[in-house]
Amino acid sequence: MRRTILIFIYRYVIPYGGLLLVKALSATYRIRIINPENEQDVLDRRGSLIYASWHQRFFPGITFFSQRKPIAIMISQSRDGEMIARVVDILGWCPVRGSSTRGGVTALRQLKDLARDGYRIGHIVDGPKGPFGQVKPGLLRIAQVAGKPIVPTLTSAEKKWVFNSWDRFMVPKPFSRVVIRFGEPIEVPAELDGDGFEQKRLFVEQRMQELYAETDRIWSDAERIRTAFK
C-alpha cells in the first residue's frame, strides 16, 4: 500500500503539481522574443531544427515552448529521467529515452525519424549535471544524425532567483520581464574527423557563451529595454 502511494505521488502528484506551479508563475511574465527570424527562416527552409539551451536557463521555456509543438527531447533512461519524461509527456512533447551511456544509438535513430516528420528537437547542452556551460558532444551528434541546424535558444530575466546548484539555476521572479532570443543557426557537417568535431564543439560552446552574455546586457541598457518591451 505504501509503495502504491509513493508511486502515485512520484508519477502524478509531483509532475502535475510542479507543472501547475510553473504555469502559474510563468503566466505573470512579460515575455518578448528577440530575433524570431532566426527560428522561422530555418523552419521555412529545413522543416525542423534543434533548440540548444543551457540547463541554467530552461525554466522560462517550459511553458513558452509548449506552444511550439511538436517537440522531441532526449532524456536519459535513469530513475530521474523517468520523472522528467513524465513531465515532458504531460507537456505534450515527445520524450525519447537514451543517453551517451545507455540507449543512445536507438534514441538518435528515433530523433532522426522525428525530425524528418517535422518535429523540432530540444536539447540541454550541459545537462543533466554539467559542467556548467560546456557543450557536450551529444548536441553535435544529434545535429549530424538529424541533419538539422542548431539554433541557440537563450532566455534572460530582469529579476530572478538564483539557486545554489551546480549551474546556479535561475527562475524569473513573478512579473519579471523576460526575453527569449534565437541565435543564428549553426550547421554541423555529417562527417567530421576528431579534430574537426572538437573544433565545431568549441565553436558552438563559445558562441552560446557570447550570446548569453550579450543577451544579459540588455538589462543594463535602458534604451534596449524600451525597444524590446514597447
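Before any of the text, the structure's been laid out above.
For the structure given in this document, a descriptive report is provided here.

What counts and how
Residues numbered from 1 in each chain as written. Predicted model: local features only at pLDDT ≥ 70, side-chain atom pairs only at ≥ 80, totals over all residues. Heavy atoms only, no water. Helix = DSSP H or I, 4+ residues; strand = E, 2+ residues; numbered from the N terminus. Buried < 20%, exposed > 50% of the residue type's maximum accessible area, 1.4 Å probe, protein only. Phe/Tyr/Trp six-rings, centres within 6.5 Å; stacked < 30°, edge-to-face > 60°.

With respect to unusual backbone geometry
Working step 1: Here Lys 69 and Pro 70 are connected by a cis peptide whose omega angle stands at 5°.
Working step 2: Secondary-structure assignment places Pro 70 in the loop between helix H3 (61–64) and strand E3 (71–75).
Working step 3: Its identity as a non-glycine residue notwithstanding, Asn 35 has a phi of 55°, on the positive side.
Working step 4: Turning to its location among the elements, Asn 35 is positioned in the loop between strand E1 (30–34) and helix H2 (37–46).
Working step 5: For Asn 35, a relative accessible area of 24% puts it in the partly exposed group.
Working step 6: Residue Phe 175 is not a glycine yet carries a positive backbone phi of 70°.
Working step 7: Looking at the secondary structure, you find Phe 175 in the loop between strand E8 (170–172) and strand E9 (177–182).
Working step 8: For Phe 175, a relative accessible area of 61% puts it in the exposed group.

Considering the packing of aromatic side chains
Working step 1: Applying the stated criterion across every chain, the model contains nine aromatic pairs.
Working step 2: Summarising the aromatic geometry, the rings of Phe 65 and Phe 182 are spaced 6.4 Å apart at their centres and angled 90° between planes, so their arrangement reads as edge-to-face. You can see Phe 65 sitting in the loop between H3 and E3 and its partner Phe 182 sitting in strand E9, a full 117 residues away along the chain.
Working step 3: Judged by its relative accessible area of 9%, Phe 65 falls in the buried class.
Working step 4: We classify Phe 182 as buried; its relative accessible area is 0%.
Working step 5: Each ring, one from Trp 219 and one from Phe 229, has its centre 6.1 Å from the other, and the planes form 40°; the classification is tilted. A residue pair is termed long-range when its members are at least 10 positions apart, and Trp 219 in the loop between helix H7 (194–216) and helix H8 (222–229) and Phe 229 in helix H8 qualify at 10 residues. Each member of the pair Trp 219 and Phe 229 is classed as buried.
Working step 6: Here the aromatic cluster, defined as three or more aromatic residues joined through ring pairs, consists of Tyr 51, Phe 64, Phe 65 and Phe 182.

Read these as geometric descriptors, not functional statements.
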